[in-house]
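Each chain, written out:
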Amino acid sequence: MPGYSSDRFPDLSAEDRDEYTCSICHEIFNTPVTTSCCLQTFCDDCITEWLETNNTCPYDRKRLTASELSRASRVLVNTMGRFKIRCDYWDKGCRQVIKFDKLPQHTINCSYNITMCVKCEHVMTSGHDCIESLRAEIAALKLALSDRDHNNRYHPLSIPSTSNAKRLGKSDFHGQLSGACGKLVVVYFYDFWVDLGKKSDSVFTIMCAELANEVLFLKVDVDDNEDIATDHKVSVMPTFILIKNKQKVDELSSTNETKLRQLIRKHM
Ligand SMILES: [Zn+2]
Ligand SMILES: [Zn+2]
Ligand SMILES: [Zn+2]
Ligand SMILES: [Zn+2]
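All figures in this text were calculated on a predicted structure; none of them were measured in a lab.

Caption draft 1: Summary view of the overall build of the protein chain. Summing up its helical and strand segments, the protein chain has 10 helices and 12 strands in all. Of all intrachain contacts in the protein chain linking residues separated by at least 6 positions in sequence, the fraction that spans at least 24 positions is 52%. Split by element, the accessible area of the protein chain, about 16100 Å² in all, is 51% carbon and sulfur.

Quick look at the structure:
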């Protein structure tokens, strides 16, 4: 890595800037080393790279090899250590100006030191796992969505939403079936990600709004409730299953509104 841009040192005097600038990269020294021939200082990387293709000192053109370089004087290193430098993540929003010798430590702990995973585009934390990370996001989205449904339900001007139908887990599910007594139960099996906002969703919403008093509508996200889907031999999404007295009486694996209405009327 070549030197540090002098812009990063907000209160560096012009004099100091000239004194601590590497004549190869024209930036402030990064890991300064000094030549034996003329005691000139350069960034370690700059002079090392230079010596890969040259065998002379860039300053006085005397013969020079990498073994003739030594760490810059302690005075120089200590003086530079007191310079104030902007954080590496200034562009990302960190507004810290740190003593130069504390920079490596700050960089590690800086809260703007965030790397995004190239695969799942989530923040990389230590021990990052894409699958876990995506699961957490799905859970958060579902929560947000059910909150939204909940709010709609209690909003006096809201259009009928699928929240009229209950979303539930397996034990709730059987409880609901028992509680329905002789009432017709229509269960909408759907895949949250595939069917969200699709036609089946709106058909179901219309039915709910229309027949909420006569029919019990339930919706089962197969992602969360694979077991309920398996129990009812549902393999295609979306599927509507009609249940009466805990017995399946009909099934429809299409989003045809007329057909669904006919089936419901038939069994009501
Ligand atoms: Zn340099
Ligand atoms: Zn020299
Ligand atoms: Zn920072
Ligand atoms: Zn990832």
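Anyway, onward from the coordinates.
Caption draft 2: Just the sheet that holds strand S1 (residues 32–35), in detail. The strand order across the open sheet formed by three strands is S2-S1-S3, and the pairing between neighbours is antiparallel. Taken across any chain shown, the strands that pair with only one partner, and hence form the sheet edges, are strand S2 (41–43) and strand S3 (69–71). Between one strand and the next, the sheet's axes are offset by a mean angle of 40°, whatever the strand orientation. Here S1 pairs with S2 via three bridges, running antiparallel. Opposite Val 33, over in S2, you have Phe 42 as the bridge partner. Relative to the sheet, helix H2 (residues 44–53) contacts S1, S2 and S3, its axis offset from that of S2 by approximately 90°.

Caption draft 3: Just the environment of Arg 95, in detail. Here Arg 95 is to be found in the loop between strand S4 (84–86) and strand S5 (97–99). Within the local environment of Arg 95, its side chain forms a polar contact with the backbone oxygen of Trp 90, the two atoms lying 2.8 Å apart.

Caption draft 4: How the structure looks around helix H8 (residues 199–211). Compared with the 18 Å implied by 1.5 Å per residue over 13 residues, the 18 Å span of H8 between its first and last C-alpha is a close match. Those residues of H8 not exposed but buried are Ser 200, Asp 201, Val 203, Phe 204, Thr 205, Met 207, Cys 208 and Leu 211.

Caption draft 5: Highlighting the UniProt feature "domain: RING-type" (unreviewed entry) in the protein chain. UniProt records the feature "domain: RING-type" (unreviewed entry) at residues 22–61, using the numbering of this structure. Regarding residues 22–61, the helix share stands at 25% and the strand share at 18%, and the terminal C-alpha atoms are separated by 16 Å.

Caption draft 6: Spatial organisation of a positive patch on the surface. Judged by side-chain charge, Arg 82, Lys 84, Lys 99 and Lys 102 come together as a positively charged surface patch. Tracing the backbone through its elements, the reader meets Lys 84 in strand S4. The exposure class assigned to Lys 84 is partly exposed, which follows from its relative accessible area of 37%.

Caption draft 7: Main features of the pairing of strand S12 (residues 247–252). Where strand S11 (residues 239–244) lies against S12, five bridges are found, and the strand directions are antiparallel. The residue bridging Ile 241 from the neighbouring strand is Glu 251, located in S12. The hairpin turn running from S11 into S12, its antiparallel successor, is two residues long, and Asn 245 in that turn takes a positive phi close to 50°.

Caption draft 8: Representation of the side chain of Asn 30 in the model. Note that Asn 30 resides in the loop between helix H1 (14–19) and S1. Here the side chain of Asn 30 touches Pro 2 through a polar contact of 3.2 Å, landing on its backbone oxygen. In this structure, Asn 30 is in contact with Met 1, Pro 2, Gly 3, Tyr 4, Cys 43 and Asp 44, ignoring residues within four places of it in sequence.

Caption draft 9: Broad picture of the packing of aromatic side chains. Scanning all chains against the criterion turns up six aromatic pairs. Between the aromatic rings of Phe 9 and Phe 83, the centroid separation amounts to 6.1 Å while the plane-to-plane angle is 80°, which identifies the pairing as edge-to-face. Separated by 74 residues along the polypeptide, Phe 9 in the segment before H1 and Phe 83 in the loop between helix H3 (74–81) and S4 bring together distant segments of the chain. Among the aromatic residues, those joined into a cluster by ring pairs are Tyr 4, Phe 9, Tyr 20, Phe 83 and Phe 100. The lysine or arginine in question, Arg 86, covers the ring of Trp 90, its NZ or CZ lying 4.2 Å from the ring centre. Taking NZ or CZ as reference, Arg 95 lies 4.2 Å from the ring centre of Trp 90, over its face.

Caption draft 10: Quick look at the pattern of salt bridges. Counted under the stated rule, the structure contains five salt bridges. Arg 135 serves as the salt-bridge partner of Glu 132, at 3.2 Å between the closest nitrogen and oxygen. You can see Glu 132 and its partner Arg 135 sitting in helix H5 (residues 130–153), three residues apart, about one turn around the helix. Since its relative accessible area comes to 43%, Glu 132 is described here as partly exposed. Note on Arg 135: relative accessible area 52%, which makes it exposed. Put simply, Glu 251 and Lys 248 hold a salt bridge, and the shortest N to O gap is 2.7 Å.

About the criteria used
- Residues numbered from 1 in each chain as written.
- Chains lettered and ligands numbered in written order.
- Predicted model: local features only at pLDDT ≥ 70, side-chain atom pairs only at ≥ 80, totals over all residues.
- Heavy atoms only, no water.
- Helix = DSSP H or I, 4+ residues; strand = E, 2+ residues; numbered from the N terminus.
- Contact = heavy atoms within 4.5 Å.
- Areas by Shrake-Rupley, 256 points an atom, 1.4 Å probe, with all protein chains shown as cover.
- Pairing = 2+ DSSP bridges.
- Axes fitted to C-alpha atoms, helices over the stretch in contact; angles between N-to-C directions.
- Polar contact = N/O pair within 3.5 Å; in protein donor to acceptor, adjacent residues only side chain to side chain.
- Expected span 1.5 Å × (residues − 1).
- Buried < 20%, exposed > 50% of the residue type's maximum accessible area, 1.4 Å probe, protein only.
- UniProt positions renumbered as here; feature names shortened; annotations may be inferred.
- Patch = residues over 30% accessible without salt bridge, like charges linked within 9 Å, V, L, I, M, F, W, Y side chains within 5 Å.
- Salt bridge = Lys/Arg side-chain N within 4 Å of Asp/Glu carboxyl O.
- Lys, Arg positive; Asp, Glu negative; His and termini not counted.
- Charge placed at Lys NZ, Arg CZ, Asp CG, Glu CD.
- Phe/Tyr/Trp six-rings, centres within 6.5 Å; stacked < 30°, edge-to-face > 60°.
- Lys NZ or Arg CZ within 6 Å of the ring centre and 35° of its normal.

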